[in-house]
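# Structural characterization, general
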Amino acid sequence: MAILSLPEYEELARVAHGHLCAGQILGLRMALLGVRLLELDDPTGTDRKRLITYVEIDRCMTDAIGVVTGCRLGKRALKFRDFGKAAATFCDLQRGRAVRVAARESAKERARELYPEIEAKNEQQMRAYREMPDDELFETRWVRVATPSEDLPGYKAPRVLCAACGEGVNFRREVARDGRVLCRSCAGEAYYTEA
Ligand SMILES: [Zn+2]
Ligand SMILES: [Zn+2]
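Reading the values: the criteria
- Residues numbered from 1 in each chain as written.
- Chains lettered and ligands numbered in written order.
- Predicted model: local features only at pLDDT ≥ 70, side-chain atom pairs only at ≥ 80, totals over all residues.
- Heavy atoms only, no water.
- Pairing = 2+ DSSP bridges.
- Helix = DSSP H or I, 4+ residues; strand = E, 2+ residues; numbered from the N terminus.
- Axes fitted to C-alpha atoms, helices over the stretch in contact; angles between N-to-C directions.
- Contact = heavy atoms within 4.5 Å.
- Donors = N, O, S within 2.8 Å, 3.2 Å for Na, K, Ca; no water.
- Buried < 20%, exposed > 50% of the residue type's maximum accessible area, 1.4 Å probe, protein only.

Let's shift gears to the sheet that holds strand β4 (residues 97-103). Strand order in the open sheet made by the five strands is β2-β1-β3-β4-β5, with mixed pairing throughout. Where the open sheet ends on each side, the last strands, each with one partner, are β2 (78-80) and β5 (138-143). Between one strand and the next, the sheet's axes are offset by a mean angle of 20 degrees, whatever the strand orientation. Against the sheet, helix α2 (residues 22-37) touches β1 (51-55), β3 (87-92), β4 and β5, its axis set at about 155 degrees to β4. Lying over the sheet, helix α3 (residues 60-69) contacts β1, β2 and β3, oriented at roughly 175 degrees with respect to β1.

Before going further, it helps to spend a moment on the coordination of the zinc ion (ligand 1). Taken together, His-17 (NE2), His-19 (NE2), Cys-21 (SG) and Cys-60 (SG) make up the full set of protein donors to the zinc ion (ligand 1), lying 2.1 to 2.4 Å away. Donor residues binding the zinc ion (ligand 1) come from one chain and are separated in sequence as H-x1-H-x1-C-x38-C. Across the pair, Cys-21 and His-17 agree in class, each one buried.

Structurally, Thr-62 can be placed in helix α3. For the pair Thr-62 and His-17, spaced 45 residues apart in sequence, the C-alpha separation works out to 9.6 Å. With sequence-adjacent residues up to four places away left out, Thr-62 is seen in contact with Val-55, Ile-57 and Leu-78.

The protein atoms that coordinate the zinc ion (ligand 2) are Cys-162 (SG), Cys-165 (SG), Cys-183 (SG) and Cys-186 (SG), at distances spanning 2.3 Å. All donor residues of the zinc ion (ligand 2) come from one chain, and their arrangement in sequence is C-x2-C-x17-C-x2-C. Note that Cys-165 is positioned in the loop between β6 (160-161) and β7 (168-169) and Cys-183 in the loop between β9 (180-182) and α7 (185-189), a separation of 18 residues in sequence. Using a relative accessible area of 37% as the deciding quantity, one classes Cys-165 as partly exposed.

Functional significance is not addressed by these values, which are geometric in nature.
Have a look at this one:
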């Protein structure tokens, strides 16, 4: 599927995310800019194997970025780095280049200036974010992203079993500890405790 128009993406995003909001518009615009700078004209089709995206926040915009790029967690093409920032980095694996696109802090203020008569913030920002030029919305820069091979889609390696809990660990996420091979939970990184 080639690049669609913004209204067409808005409809897809509304369905995927459950509602349309300013964050979704921002995410769509951010991803459109990213793939345009990478010169990919069919991100979800012929170019789908060359694109991976790092997102820096888990919010509305994250879902919208997936709509444009086709990058999804389950395809290992969407990488989440929990920095709490409205930014994403789009990587073209084929050409070995990447561009980071960050929303400008001034974008909200600009939306207020453009549409002071719209009282509802979400409506005000949706309208403004549809219309503002890219460089008012975003700051972009070319960056280098060293993605280890085990993080790439399609990476194959034998699964290893954790010596403590016996569960299988994929993608070289195991850790060596005192001569044993452990999963990250058993190595002390667990995010849960027994109930
Ligand atoms: Zn939302
Ligand atoms: Zn374990």
